[in-house]
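# Survey of secondary and tertiary structure
For reference, the chains in residue letters:
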Amino acid sequence: KMQDEKTKLQYGLSKSVKYGAYISFSVMILLIIIADSIIPLLYGERWGESIPYFRLLCLGGLMSTINCINTNTIMSLGKGKVYFVLQLSKRIIGIGMIIYGMQYGVIGMIIGVISIYYIAFIINGIVIGKLVGYNLIKQLKDIIPSVLLFGMIGVSVYYFSNDFFDNLYVVIILRIILYISLSVIFSKLFKFEQYTLFNKILKENAWKIISKFYKHN
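The sections below set out a description of the structure shown in this document. Computed from a predicted structure; not experimentally measured. (Residues numbered from 1 in each chain as written. Predicted model: local features only at pLDDT ≥ 70, side-chain atom pairs only at ≥ 80, totals over all residues. Heavy atoms only, no water.)

### Remarks on the side chain of Lys90
For clarity, the threshold we go by: A run of H or I in DSSP counts as a helix once it spans at least four residues, and a run of E counts as a strand once it spans at least two, with each numbered from the N terminus. Only protein chains enter the accessibility calculation, which uses a 1.4 Å probe; a residue is then buried when its area is under 20% of its type maximum, exposed when over 50%, and partly exposed in between. In this charge count, Lys and Arg are treated as positive and Asp and Glu as negative; neither His nor the chain ends contribute. Salt bridges are counted wherever a side-chain nitrogen of Lys or Arg sits within 4 Å of a carboxyl oxygen of Asp or Glu. In protein, a polar contact requires one atom able to donate a hydrogen and another able to accept it; more generally it is a pair of N or O atoms within 3.5 Å, and residues adjacent in sequence count only if both atoms are side-chain atoms. What makes two residues a contact is simply this: any of their non-hydrogen atoms within 4.5 Å.
Structurally, Lys90 can be placed in helix H4 (residues 80-102). An unpaired buried charge is present at Lys90: no salt bridge exists, and Asp142, the closest side chain of opposite charge, is 18 Å distant. At 2.9 Å, the side chain of Lys90 and the side chain of Gln87 are in polar contact. Setting aside anything within four residues of it in sequence, one finds Lys90 in contact with Thr71, Ala120, Ile123 and Asn124.

Shown next as structure tokens:
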């Protein structure tokens, strides 16, 4: 019975990681490819130097959802002491990474911040592996398909649209449309279960909203 519960927990956690990776990676990679257009558009050309920093922070943000899922799982298992030691260890390592990175300027400090997310992912993966058997390798297997999907789409869209237009509005709109369209096409083509579920939820909610709209009118 205990083994059955462990298996169910692994299955649920695997689903959460898959869906979390699909959402967070799709959003963060989209932000990375439109950063060089949307930042100057919103804040002016003088903020152009912040674009590399923003992109680096987005790379760190890729893992934030996965880390939240892992730490919440540890808490839900009633492992308060493990959670406390884990968080304390990550904070100490994080402070050390930031202090070390500061020697190399702003970029170094940001890379130090980013490294915290990935170190936390590794530590969380090891702990979760010991607690429920859903180890780092299994998590990577669930995450890598989303990395490859949105990474390749992001690179393709960015370089395809890079030299075509000078108008920032056109570039942003073109990149967003291409990115979403290709994401839908390839998610269908490679049968991503995350897309199937989100598409179903979107259709159901859209139908409810339309129905409510017509009732009130």
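### Here's the deal with the pattern of salt bridges
Counted according to the given criterion, the structure contains four salt bridges. When the shortest N-O distance is used, the salt bridge between Arg55 and Asp36 registers 3.6 Å. Taken together, the positions of Arg55 in helix H2 (residues 51-61) and Asp36 in helix H1 (residues 2-43) put the pair 19 residues apart, joining distant regions of the chain.

### Considering helix H6 (residues 136-161)
Our working rule: By this rule, a helix spans an expected 1.5 Å times one less than how many residues it contains. Fitting axes to the seven residues ending at a residue and to the seven starting there, one defines the bend at that residue as the angle between these axes.
For H6, spanning 26 residues, the distance from its first C-alpha to its last is 36 Å, which sits close to the expected 38 Å at 1.5 Å a residue. Within H6, the axis deviates most sharply at Ile143, by approximately 35°, and proline Pro145 lies no more than four positions further along. Residues Gln139, Asp142, Ile143, Ser146, Leu149, Phe150, Ile153, Gly154, Val157, Tyr158 and Ser161 constitute the buried set of H6. The N-cap of H6, judged by a side-chain oxygen 3.2 Å from the amide nitrogen of Ile137 a few residues on, is Asn135.

The quantities given are spatial measurements derived from coordinates; they are silent on function.
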